[in-house]
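Spelled out, the chains give:
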Amino acid sequence: MNLWLWIGLPMLLLLGIFLNAIKDMKQLEKQLPKYRDKIREVKDDEDEDWPQTRVNKPVSPSDDKQRPAP
């Protein structure tokens, strides 16, 4: 009996979480057409506006040996 509690209760918890997520997803799908006119398209090239903050640091000590000194 104790083994069934250790196995069954967590399984019921996971099943409840999974079913609740499916129910919420279906509810959101019903509400989405109401707000479709408020959704704006995001362009992919907006990321190019961000500043480039790349730092040229060696990842490993072997990379430091392969890179020529400035």
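Residues numbered from 1 in each chain as written. Predicted model: local features only at pLDDT ≥ 70, side-chain atom pairs only at ≥ 80, totals over all residues. Heavy atoms only, no water.

Colleague: What exactly am I supposed to notice about the overall build of the chain here?
Modeller: Counting secondary structure elements, the chain contains two helices and zero strands. Buried residues in the chain amount to 0% of all 70 residues. With the model as given, the accessible surface of the chain reaches about 7800 Å², and the carbon-plus-sulfur share is 61%. (Helix = DSSP H or I, 4+ residues; strand = E, 2+ residues; numbered from the N terminus. Buried < 20%, exposed > 50% of the residue type's maximum accessible area, 1.4 Å probe, protein only. Areas by Shrake-Rupley, 256 points an atom, 1.4 Å probe, with all protein chains shown as cover.)

Colleague: Even after reading the chapter, I still don't get a nonpolar patch on the surface, so can you show me in this structure?
Modeller: Among the surface-exposed residues, Leu3, Trp6, Ile7, Met11, Leu13, Leu14 and Ile17 lie close enough to one another that they form a single nonpolar patch of about 830 Å² accessible area. In this fold, Leu3 is placed in helix 1 (residues 2-31). (Patch = residues over 30% accessible without salt bridge, like charges linked within 9 Å, V, L, I, M, F, W, Y side chains within 5 Å. Salt bridge = Lys/Arg side-chain N within 4 Å of Asp/Glu carboxyl O.)

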